[in-house]
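# Coordinates in review
Residue-level listing of the chains:
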Amino acid sequence: MDFSLLRNIISRYCVGEEIWVDSRTVYIGHKEPPPGAEAYIPQRYPDNRIVSSKYTFWNFIPKNLFEQFRRIANFYFLVIFLVQLIIDTPTSPVTSGLPLFFVITVTAIKQGYEDWLRHKADCSINECPVDVVQQGKVVRTQSHKLRVGDIVVVKEDETFPCDLILLSSSRSDGTCYVTTTSLDGESSHKTYYAIPDTMAFRTEQEVDLLHATIECEQPQPDLYKFVGRINIYKDKEEPVARPLGAENLLLRGATLKNTQHIYAVAVYTGMETKMALNYQSKSQKRSAVEKSMNAFLIVYLCILISKAVINTVLKYAWQWSPDRDEPWYNHRTEHERQRHVVIRAFTDFLAFMVLFNYIIPVSMYVTVEMQKFLGSYFISWDEEMFDEELGEGAQVNTSDLNEELGQVEYVFTDKTGTLTENNMEFIECCVDGNVYIPHAICNGQILSAASSIDMIDSSPGGYRREYEDLFFRALCLCHTVQVKEEETVDGIKRGIHQGRPTSFYISSSPDEVALVEGMKRLGYTYLRLKDNYMEILNKDDEIERFELLHVLNFDSVRRRMSVIVKSSSGKISSNTGLFIGCSSCSWLYGYLFCVLPGDYLLFCKGADSSIFPRVVSGKVEQVKARVEQNAVEGLRTLCVAYRRLSQSEYQEACHHLMEAKLALQDREQRLAQAYDIIERDFVLLGATAVEDRLQEKAADTIESLHKAGMKVWVLTGDKMETAAATCYASKLFRRTTQILELTKKRTEEQSLHDVLFELNRTVLRQRSISGLSVDCLDFGLIIDGATLSAVLKPNQEGAGHGNYREIFLEICRNCSAVLCCRMAPLQKAQIVKLIKASKEHPITLAIGDGANDVSMILEAHVGIGIMGKEGRQAARNSDYAIPKFKHLKKMLLVHGHYYYIRIAELVQYFFYKNVCFIFPQFLYQFFCGFSQQPLYDTAYLTLYNISFTSLPILLYSLVEQHVSMDTLKREPSLYRDIAKNSLLRWPVFLYWTCLGVFDAVVFFFGAYFLFDNTTFTSNGQMFGNWTFGTLIFTVLVFTVTLKLALDTHHWTWINHFVIWGSLLFYVIFSLLWGGIIWPFLNYQRMYYVFMQMLSSGPAWLSIILLITVSLLPDVIKKVLCRAMCPTATERAQSTRPCLTVEPSTIFMLSQSSSRMSF
């Protein structure tokens, strides 16, 4: 049967189901192209409905249940519950079904409520009003009804309803200003451009007459990339094609500012917008604690199966003799007696599995989730991590990794904006070998000492003056800085000076602002970009105009940017040209450095490594020497060069650029090739130096991380000398640190193989001579991006040269700090991945502030974003976000320490109390003929983990402070006590398990031997098996609760309330459960049992005695360990009692209560 017709119908009428192509065609205003043009192929796109919800009314129950039962623990208890329903088991199905139902219900309610909130948010967004141009009129509709191709009108301060291509705006130059705070956190105004062919449209009627199509790429999540072109049809002429890029695309979620209105066409709608694509869930990260929990769960599952097998085998061994068949009161039907022995054995095995299944703590997962969710608020509420300047505190984007903050071994940090302030201050510029040093200018503010210009060699003569002026013009023109006359942010006006509006500069790059402001102090002021002309006020207070023809944008691969400008034919100086001037000038210099009206000039600025290879003339050696000197002092340097273009060269450059910009496929690669062809044969003009000051307490933070046993790596794109100076200033390197260099310069002198082996021998020889551990060696490694690529490249030279990766890792293990300079963003992620995959499998943390750090943040076990000046891309993609680098100290040394201590105790305690709970049941089978008789009542089996013992450990895992916060910050070495998952290692796990077994043996045999053949009540009645089980359960509940009380170091009124309240609740429940005849029970075997037990004096004595004996070994062990071999944490506890309270605790009332310290 042919199903092709059915497939075609489904593809045609199901939204989004279409044959995948690399590009899409958008018909503006839904108008068909004119006859003779391309074929009209209507395409179906999704509507503009945003769906962030996970469930619907109809699929919530099945979908939620499916997701919950994908968890192994939930599925296991479901199987146990079904077994109890199918076969005759010793316990009621309620004992497994009720806890499982509780866990599933609580989780479903939580997820359902969260999804209901998402539904409400979706409805408010999808139903907001939108203005659309239809037949020359503006029609108001709802957002979800927008379609691809609709022409939309957006007014000032409105949010864009979908991804739009700008057609025209109310501004005469066709530009509009936009803030993208909700997308990337950048609050500055960004400029977007309409294409020249449509920018003149002013009315709805003019826009409606537009006949054009847009070809663009299919939706993809990169906010900063867009490839497309617009074909405009005019009468019967050939269509005019114009390139479209990211500067033309207005993203959904951004807001229109300082522009009355715009006209734009929808290209991506609904779930295909870049905002929606960016909010898809990231890959799940799992913590080391979660992995340990799963391993422990497997061990306990094996123990459970072993118990069931042992009891099944012993039962049939005991019943092998005919006179030892099942007891007379366990009558079996004839049908049961005649079943095959294998079937009977398997049924008994399942029955024993049900009886012992409580050793697997079903409620542990819910408790852990609640602990992580509630505990994550401690970071958000921490007032010490709140930044007044930003007006924001720390943010938690995922709570699944809280405890991982206490296990970090490697910290990978960016430099600019992370260790430094990213607040640039212009220091100097070197022009033709001469140095110019103005007074300090910092982001638009002239510091107090700056009253005049102080320059070295400030009176150049001859051609040098023209050389100098050309350099200043280059910096005034080669940038993407915007000039704002006035800006209102949250009702506060910026740019107002003495009641009059003044201009100020804004840019996505602080370097550019610092350079333009520096030129302003040196006499050249960038005024504005108006009608595509850049205007400069020169030293003579005359305005010079340059037509901006092309901008070759900066990227991290080229590490440079360029502009092509044309000098204006208007009056630009007192002479015919720009400083043709001086009779003493030679003809050559006059030609090289004077600028005539109509000249085409290519100005370029960038890193020295990308400029010097492209320079053909200029004082390269003098400038290079100054650049190196500035880099050693920790300054950020840029080189400036230019090239004069002839008419033919300019036309050729335009051809290359237009050809690349119109390409829909591989546009970025083609643009890179075009830039490479154009940016060559430069004349070097000079270099600049700006200072990026170290952040407050950055050095103290790095020093504390070192003391805590962490290895800190700095990954930066800066040159080696600049980065090394920052590393010394931040105490990453000390003056006594022996620096090992693995750089391109050194590998050019020696082979990479020889350098690696020489460095390896150096560190190993020093290690053997000193006899110290690796952590004590003070080596620092510097590696650059080029050498790293060679190290990571698969070896092509045969096995004799060995594995470079392993040698490199061995060197790094012996270094206390590593600096990686000249790194591309992808290389940062490769470094993190390399360390993660090493044989030690260390826990890694990556921290950065810019988009170039996102890859390493996503790669690391824990990613932290800085809310910096390079936008919020890093903060949005991170697991945690902090305002400043200094806050990392408290996040790791305090919050991370507490989180790990708390959750480690929670996990071990859960397994311990369940061993104490179920092991007496295992021992009881030896005394009841392996008849699967329960030791505890059904109510006790059901409520043990849900009610009697759940709240104390939950509260402990939220507020416990084994040492004070001040002590943790003052003594970072305490972090080493919990390193490498030390509290969840197998020896510790075995100790807790053995302690649980010991306590269970004490409970069972203590009660057995104390009450053997003894009467207790006044009428001579002996205790029965339910009284025996209740006595053991009472001792059990009190022992495990008091064990937690002994482990508690930080006492508040809420601790007392929960711990003693849980014990009181157990007693009251038992009195009510056994003291009232409940009508809904068919039989009541616990009636009067608890009261009868408490009426006996020996029972009271036995309870106290057994609790004391059970707790005594753990107390003795702790006392001996503290006396004989105390850890650093235990010494800190003994020297300084814990008296502080976590300011961000969820239980704020606890601050006023009395406190105890054990």
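For every chain, the first residue of the written sequence is number 1, and numbering continues from 1 along that sequence. Residues qualify for local features only when their pLDDT is at least 70, as the model is predicted, and side-chain atom pairs are given and counted only at 80 or more; totals for whole chains, interfaces and linings, by contrast, use all residues. Side-chain numbers come from the whole structure's heavy atoms, not from hydrogens or water.

The name an unreviewed UniProt entry gives the protein chain is Phospholipid-transporting ATPase, with Haplochromis burtoni as the organism. Its UniProt record gives the protein chain a comment under Cofactor (unreviewed entry), which states: "Mg(2+)". UniProt positions are given in the numbering used here, feature names are shortened, and annotations may be inferred rather than shown by experiment.

Okay, the environment of Cys-820 next. Along the chain, Cys-820 falls in strand 37 (residues 817-821). With 36 residues separating them along the chain, Cys-820 and Asp-784 place their C-alpha atoms 5.5 Å apart. Leaving out residues up to four positions away in the same chain, Cys-820 has contacts with Trp-713, Val-714, Leu-715, Thr-716, Ile-783 and Ile-831. Numbering of helices and strands runs from the N terminus; a helix is a DSSP stretch of H or I covering at least four residues, while a strand is a stretch of E covering at least two. Only heavy atoms matter for contacts: two residues are in contact if any of them lie within 4.5 Å across the pair.

Attention now moves to the UniProt feature "transmembrane region" (unreviewed entry) in the protein chain. Mapped onto this numbering, the UniProt entry gives "transmembrane region" (unreviewed entry) at residues 295-318, 349-368, 939-959, 989-1011, 1023-1045, 1057-1081 and 1087-1112. Annotated as 100% helix and 0% strand, the span residues 295-318 places its first and last C-alpha atoms 34 Å apart. A helix fraction of 96% and a strand fraction of 0% characterise residues 989-1011, whose end C-alpha atoms lie 33 Å from each other.

It is worth spelling out empty space enclosed by the protein at this point. To locate leftover empty space, one rolls a probe as large as a water molecule over the atoms. Buriedness for pockets is judged along seven lines, at least five of which must meet protein on both sides within 12 Å for an open set on the 1 Å grid over protein atoms alone, while cavities are sets there where a 1.4 Å probe fits but cannot get out, and lining residues have an atom within 4 Å of a point. Grid points are joined across faces, edges and corners, and a volume is the space filled by probe spheres set on the points. On inspection of all chains with the given rule, the structure shows four cavities of 30 Å³ or more. As a volume, the largest cavity reaches approximately 100 Å³. Lining the largest cavity are 15 residues, and of these Pro-99, Tyr-358, Val-362, Leu-941 and Asn-945 sit closest to its centre. Per-element tally for the lining of the largest cavity: the top contributor is helix 30 (residues 938-948), with five residues. Its residues assigned to classes, the lining of the largest cavity shows nine nonpolar, six polar and no charged. Both domains that meet at the lining of the largest cavity, namely domain 1 (50-127) and domain 3 (362-379 + 894-1130), each give it at least three residues. Looking at the second largest cavity, its volume works out to about 80 Å³. Those elements that provide at least two residues to the lining of the second largest cavity are strand 32 (636-645), helix 18 (647-662) and helix 19 (667-678). Per-element accounting of the lining of the second largest cavity gives the leading share, four residues, to helix 18. Classifying every residue of the lining of the second largest cavity by side-chain character gives four nonpolar, one polar and four charged. Residues are grouped as follows: Ala, Val, Leu, Ile, Met, Phe, Trp, Tyr, Cys and Pro are nonpolar; Asp, Glu, Lys and Arg are charged; all remaining types, including Gly, are polar. Residue ranges assigned to the domains are those given by an automatic or database domain assignment.

Bringing the packing of aromatic side chains into the picture now. The pairing test for Phe, Tyr and Trp rings, Trp by its six-membered ring, is centres within 6.5 Å, and the orientation test on the planes gives stacked under 30 degrees, edge-to-face over 60, and tilted for anything in between. What the rule picks out here adds up to 58 aromatic pairs. By the ring-pair criterion, three or more aromatic residues cluster together here, those being Tyr-358, Phe-917, Tyr-936, Tyr-940, Tyr-944, Phe-948, Phe-1033, Phe-1065, Tyr-1066, Phe-1069, Trp-1073 and Phe-1090. Look at NZ for Lys and CZ for Arg. If either is within 6 Å of the ring centre and within 35 degrees of the ring normal, a charge sits over the ring. Taking NZ or CZ as reference, Lys-307 lies 5.9 Å from the ring centre of Phe-356, over its face. Against the face of Tyr-533 rests Arg-545, its NZ or CZ located 4.3 Å from the ring centre.

Only the stretch in contact is used when fitting a helix axis, every axis being a line fitted to C-alpha atoms; angles between N-to-C directions are given from 0 to 180 degrees. Contact pair helix 33 (residues 986-1010) / helix 34 (residues 1025-1047): the axes reach a minimum separation of 10 Å and the direction vectors enclose 145 degrees. Two packed elements cross with a definite hand, and for helix 33 against helix 34 that hand is right-handed. Residue-level contacts link Trp-992, Leu-995, Asp-999, Phe-1003, Phe-1004, Ala-1007 and Tyr-1008 of helix 33 to Phe-1028, Leu-1031, Ile-1032, Val-1035, Leu-1036, Thr-1039, Lys-1043 and Asp-1047 of helix 34. Of the residues assigned to the contact of helix 33 with helix 34, the class counts are eleven nonpolar, one polar and three charged. Working rule for handedness: look at the near helix, and if it is turned counterclockwise from the far one by less than a right angle, call the crossing left-handed; if clockwise, right-handed.

It is worth spelling out the sheet that holds strand 8 (residues 212-217) at this point. Two strands make a pair as long as DSSP finds a minimum of two bridges between them. Taken in spatial order, the four strands line up as 1-8-9-10 in an open sheet, and their pairing is antiparallel. This sheet does not close on itself; its edge strands, each paired only once, are strand 1 (23-27) and strand 10 (240-244). With strand direction ignored, the average angle separating the axes of adjacent strands in the sheet is 20 degrees. Relative to strand 9 (residues 228-232), strand 8 runs antiparallel, the two being bridged by five bridges. Within strand 9, the position partnered with Cys-216 by the bridge is Gly-228.

Take Cys-478: it is sitting in the loop between helix 13 (463-477) and strand 20 (482-484). Buried, partly exposed and exposed residues are distinguished by accessible area as a fraction of the type maximum, computed with a 1.4 Å probe on protein chains only: under 20%, between the cut-offs, and over 50%, respectively. Of the residues examined, Cys-478 reaches a relative accessible area of 2% and is grouped as buried. Expressed as a C-alpha distance, the spacing of Cys-478 and Ile-564, which sit 86 residues apart in the sequence, is 8.6 Å. Excluding its chain neighbours within four sequence positions, the residues that come into contact with Cys-478 are Glu-512, Met-561, Ser-562, Val-563, Phe-603, Cys-604 and Lys-605.

With that settled, consider the sheet that holds strand 15 (residues 410-413). Pairing is mixed in the open sheet, where nine strands are placed in the order 14-40-39-38-15-34-37-36-35. Sheet topology places strand 14 (395-396) and strand 35 (738-742) at the edges, where each strand pairs with a single neighbour. Alignment of strand 35 against strand 36 (residues 779-784), held across five bridges, turns out to be parallel. Of the residues in strand 36, the one forming a bridge with Glu-741 is Ile-782.

Within this analysis, patches are made of residues with over 30% relative accessible area and no salt bridge. Like charges are joined at 9 Å or less; nonpolar side chains (Val, Leu, Ile, Met, Phe, Trp, Tyr) at 5 Å or less. Reported accessibility uses the Shrake-Rupley method at a 1.4 Å probe radius. Residues are deemed covered only where the shown protein chains occlude them. Should a side-chain nitrogen of Lys or Arg be within 4 Å of a carboxyl oxygen of Asp or Glu, the pair is scored as a salt bridge. Together, Leu-301, Ile-305, Val-309 and Val-313 make up an exposed nonpolar region whose accessible area comes to about 290 Å². When you line up the elements, Val-313 lands in helix 8 (residues 288-318).

This structure, assessed with the given rule, holds 43 salt bridges. For Glu-67, the salt bridge is made with Lys-54, and the minimal N-O distance between the two is 3.2 Å. Taken together, the positions of Glu-67 in helix 2 (residues 60-68) and Lys-54 in the loop between strand 1 and helix 2 put the pair 13 residues apart, joining distant regions of the chain. Overall, the relative accessible area of 23% leaves Glu-67 in the partly exposed class.

Turning to the nonpolar core, a few remarks are in order. Core analysis: the largest hydrophobic core is formed by 97 residues, its most contacted members being Met-364, Val-907, Tyr-936, Tyr-940, Phe-1033 and Leu-1036. Top contributing element to this core by residue count: helix 29 (residues 887-924), with 18 residues. Here this core spans two domains, and each of domain 1 (50-127) and domain 3 (362-379 + 894-1130) adds at least three residues to it. With residues up to four places along the chain from it excluded, the contact list for Tyr-936 reads Cys-916, Phe-917, Pro-920, Gln-921, Leu-941, Trp-1026, Gly-1029, Ile-1032, Phe-1033 and Leu-1036. Side-chain atoms within 4.5 Å are what join buried Ala, Val, Leu, Ile, Met, Phe, Trp, Tyr and Cys residues into a set we call a nonpolar core.

Bringing the pairing of strand 13 (residues 261-268) into the picture now. Here is the key point about a regular strand: its side chains alternate between the two faces of the sheet. The buried fraction of strand 13 amounts to seven of the eight residues, a majority that puts the element mostly inside the structure. Bridge count between strand 4 (residues 151-155) and strand 13: five bridges; the pairing is antiparallel. The residue bridging Val-153 from the neighbouring strand is Tyr-263, located in strand 13. Two elements, strand 5 (residues 163-169) and strand 13, share six bridges in a ladder whose sense is antiparallel.

All right, on to unusual backbone geometry then. For Asp-157, which is not glycine, the phi torsion reads 70 degrees and is therefore positive. As for its position among the elements, Asp-157 is in the loop between strand 4 and strand 5. Even without a glycine there, the phi angle at Asp-681 is positive, about 55 degrees. Inspection of the secondary structure assignment puts Asp-681 in the loop between helix 19 and strand 33 (682-694). Since its relative accessible area comes to 37%, Asp-681 is described here as partly exposed.

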